[in-house]
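Overview (structure and organization)
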Amino acid sequence: LPKKNLPGDPAEPSLRKSSDNDGTSAELPPSDDSSHLSEHHLGAWLDDPASHPCWPQKHSAKKVLNPMARARPGMNFLNTDEKVLGSILLNDSKASIRSNALRGNCIRANATEYIFWEPAKVKAVMVTCGGLCPGLNSIIKGVTNCLWHDYNVRKIYGATGGYNGLSAPDKYQMLELNPEVVREIHMKGGSILKAGRGGFDAPKICKSLQQLGINLLFVIGGDGTQFAGHLLYEEARRQRLPISIVGVPKSIDNDVLFVDRTFGFDSAVESAAEVIRNGWVEASSCEKGVGIVKLMGRDAGFVAAHAALASNLVDLCLVPEVKVTMEDVCEHVDDVLKRKKYMVIVVAEGAGQDLVATGEKDATGLAA
């Protein structure tokens, strides 16, 4: 998505070269280059993002030696300009219709030898937002152990109730986290931080983070949560607050852009495939039996499609990305029943919305 100019942004940023899918070069302004992180990095925007037309910066803002460099001599660290290709295709037959959002490639994520924050001065908090999802407690445990053991961070907390816990910390309990607290939480379902919806108020959250002395926030959630996290970053940047906001993608639907697998997706597919098998048992035990399985997927049909492929029992799979007519669906159902005497249908919850939409919105602002 195009980014809005903020105070301090250059009016006409300088251009840099980037390779298209067909191997040619194109000029990209830094704001449109997927690997140009100056406006997203504290070391740049707290200074002046307009003064950093090139990324990574020649003189990195990362001045603190990574504790792992001392603890593990010989450990390999990534270069600050190490990248992952945005496309691995040459002479792409679909180059004209693909998004060019990643044509500047992506900065590779992993440990670097020097880091921005002094671990002793870090106060980290994590929050789980939106609905429940398999793996939330595993994420909380993993982040806690990484901060504690790898980076020697000792002030680690969890805000409860989603964004509500950050907007109104006086009304929601803040949990102190350490390896002892999280030792066995991956064996439990749900989230020890009690995932919650709503409560997002960027100015109020920034005020709370500042008052609590928090400078590192992990936002664990799906597409809506990450969108809100970006709004929170923009507000922090407007206020020039030295806070790192890190998005951790969790979603049963696997609908977070540019992420191959979100936390929770594989577990959802495994469970859905088992339900489909149960539906097949019911349908195949009846004359002209039709087993209909409705699965998660308001805007993306990844769970339905992958579960259908994994089960190898589905005769019709409906997903939001593909429009259908009821005439075609009924004709296919009749043909399958005539041939097999039974069938299994998988429907993602957002499939066929154009056929049943009321034009109204529900309490969350989504189409009803």
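Parameters at a glance
Each chain has its residues counted from 1, following the order in which its sequence is written. Confidence filtering applies because this is a predicted model: local features only for residues at pLDDT of at least 70, side-chain atom pairs given and counted only at 80 or more, and all residues used for totals across whole chains, interfaces and linings. Water and hydrogen atoms were dropped before computing side-chain values, which therefore reflect all heavy atoms in the structure. Here, strands pair whenever DSSP counts at least two bridges between them. Counting from the N terminus, the helices are the DSSP runs of H or I reaching at least four residues and the strands are the DSSP runs of E reaching at least two. Comment: axis = line fitted to C-alpha atoms, over the contacting stretch for helices; angle = value between 0 and 180 degrees taken between N-to-C directions. Residue contacts follow a heavy-atom distance rule, with two residues in contact if any of their heavy atoms lie within 4.5 Å. Definition used for salt bridges: Asp or Glu carboxyl oxygen within 4 Å of a side-chain nitrogen of Lys or Arg. For each residue, the accessible area found with a 1.4 Å probe, counting protein chains only, is set against the maximum for its type, and the residue is called buried under 20%, exposed over 50%, and partly exposed in between. The pLDDT value expresses, per residue, how confident the predictor is, ranging between 0 and 100. With respect to orientation, any angle under 35 degrees is reported as roughly parallel, any angle over 145 as roughly antiparallel, any angle of 65 to 115 as roughly perpendicular, and every other angle as oblique. Less than a right angle of anticlockwise turn of the near helix away from the far helix marks a crossing as left-handed, whereas a clockwise turn marks it as right-handed. Residue type decides the class: Asp, Glu, Lys and Arg count as charged, Ala, Val, Leu, Ile, Met, Phe, Trp, Tyr, Cys and Pro as nonpolar, and the leftover types, Gly among them, as polar. By definition here, a helix of n residues has an expected span of 1.5 Å times n minus one. Patch membership requires more than 30% relative accessible area and the absence of a salt bridge. Residues of like charge join within 9 Å; the nonpolar side chains Val, Leu, Ile, Met, Phe, Trp and Tyr join within 5 Å. Calculation of accessible area relied on Shrake-Rupley with a 1.4 Å probe; when residues are assessed, cover is drawn exclusively from the protein chains displayed. Here Asp and Glu are counted as negative and Lys and Arg as positive; His is not counted, and neither are the chain ends. Note that the charge is assigned to NZ on lysines, CZ on arginines, CG on aspartates and CD on glutamates. Throughout, the arc means that of the directions going from the helix axis to the C-beta atoms. Put simply, two rings from Phe, Tyr or Trp (the six-membered ring, in Trp's case) pair if the centres are within 6.5 Å, and we call them stacked under 30 degrees between planes, edge-to-face over 60, tilted for the rest. Ring-over charges, as used throughout, are those where CZ of Arg or NZ of Lys falls within 6 Å of the ring centre and within 35 degrees of the ring normal.

Let us look at the sheet that holds strand β13 (residues 316-318). As summarised here, the arrangement of the three strands in space is β12-β14-β13, forming an open sheet in which the pairing is parallel. Strand pairing shows two members of the sheet lacking a second neighbour, β12 (289-295) and β13, which therefore form its edges. Averaged over all pairs of adjacent strands, the angle between strand axes in this sheet comes to 15°, irrespective of strand direction. Where β12 lies against strand β14 (residues 342-348), seven bridges are found, and the strand directions are parallel. Looking at the pairing, I292 lines up with I345 of β14. In the packing of helix α10 (residues 326-340) onto the sheet, contacts are made with β12, β13 and β14, and the angle to β14 comes to roughly 150°.

Quick look at the sheet that holds strand β9 (residues 174-176) now. The strand order β9-β8-β7-β10-β11 describes an open sheet built from five strands, whose pairing is mixed. Every other strand in the sheet has two partners, leaving β9 and β11 (244-249) as the edge strands with one partner each. If you compare each strand with its neighbour and ignore which way they point, the axes differ by 25° on average. The sheet contact formed by strand β7 (residues 123-128) and strand β8 (residues 155-159) spans five bridges and is parallel. If you follow M126 over to β8, its bridge partner there is G158.

Within the structure shown, the criterion is met by eight salt bridges. Residue D92 is joined to R98 by a salt bridge in which the shortest nitrogen-to-oxygen separation is 2.5 Å. With a relative accessible area of 13%, D92 lands in the buried category. With a relative accessible area of 39%, R98 lands in the partly exposed category. The salt bridge partner of E274 is R277, with a shortest N-O separation of 2.9 Å. Within this pair, E274 and its partner R277 are both found in helix α8 (residues 265-284), separated by three residues, close to a single helical turn. Classification of R277 as partly exposed rests on a relative accessible area of 33%.

This paragraph deals with the confidence of the model for the protein. Confidence in the prediction of the protein, expressed as mean pLDDT, is 83, and 82% of residues score 70 or more. When the criterion is pLDDT under 50, residues 1-19 qualifies, and its contacts beyond four places in sequence or with other chains add up to 43 contacts. Contacts of residues 21-25 to residues separated by more than four positions or lying in other chains number 13 contacts, the stretch itself having pLDDT below 50.

Let us look at the packing of α8 against helix α9 (residues 302-311). Orientation of α8 relative to α9, taken along the N-to-C sense of each, is 55°, at an axis distance of 8 Å. Classified by the interaxial angle, the pair formed by α8 and α9 is oblique. In this structure, α8 crosses over α9, and the sense of that crossing is right-handed. Residues F265, A268, V269, A272, A273 and I276 of α8 touch α9, and the partners they reach there are F302, V303, H306, A307, A308, A310 and S311. In terms of residue class, the contact of α8 with α9 is built from 11 nonpolar, two polar and no charged.

This next bit is on helix α3 (residues 136-150). At 3.6 residues per turn, the α-helix brings residues three or four places apart onto the same side. With 15 residues, α3 extends 21 Å between its outermost C-alpha atoms, agreeing within 8% with the 21 Å of an ideal straight helix rising 1.5 Å per residue. Along α3, the residues that are buried comprise L136, N137, I139, I140, V143, T144, L147 and D150. Check the buried side of α3 and you find it contacts α2 (67-71), β7, β8, α5 (179-182), β10 (216-221) and β11. Looking at the residues trailing α3, positive phi occurs at N152, about 60°.

A cluster of like negative charges, contributed by E327, D328, E331, D334 and D335, occupies part of the molecular surface. Tracing the backbone through its elements, the reader meets D335 in helix α10.

Looking only at α9, the buried set comprises V303, A304, A307, A308 and S311. The arc that holds every buried residue of α9, seen down its axis, measures 125°, which confines them to one face. Against the buried residues of α9 lie α8, β12, β13 and β14. One or two positions beyond α9, positive phi appears at N312, with a value near 60°.

A full pass over the atoms with the stated rule returns two aromatic pairs. For the pair Y163 and F200, a centre-to-centre distance of 5.0 Å together with 70° between the ring planes defines the contact as edge-to-face. With Y163 in the loop between β8 and α4 (164-167) and F200 in the loop between α5 and α6 (202-212), this pair connects stretches of sequence that are 37 residues apart. The residue whose ring lies beneath K123 is Y157, and the NZ or CZ to ring-centre distance is 5.3 Å.

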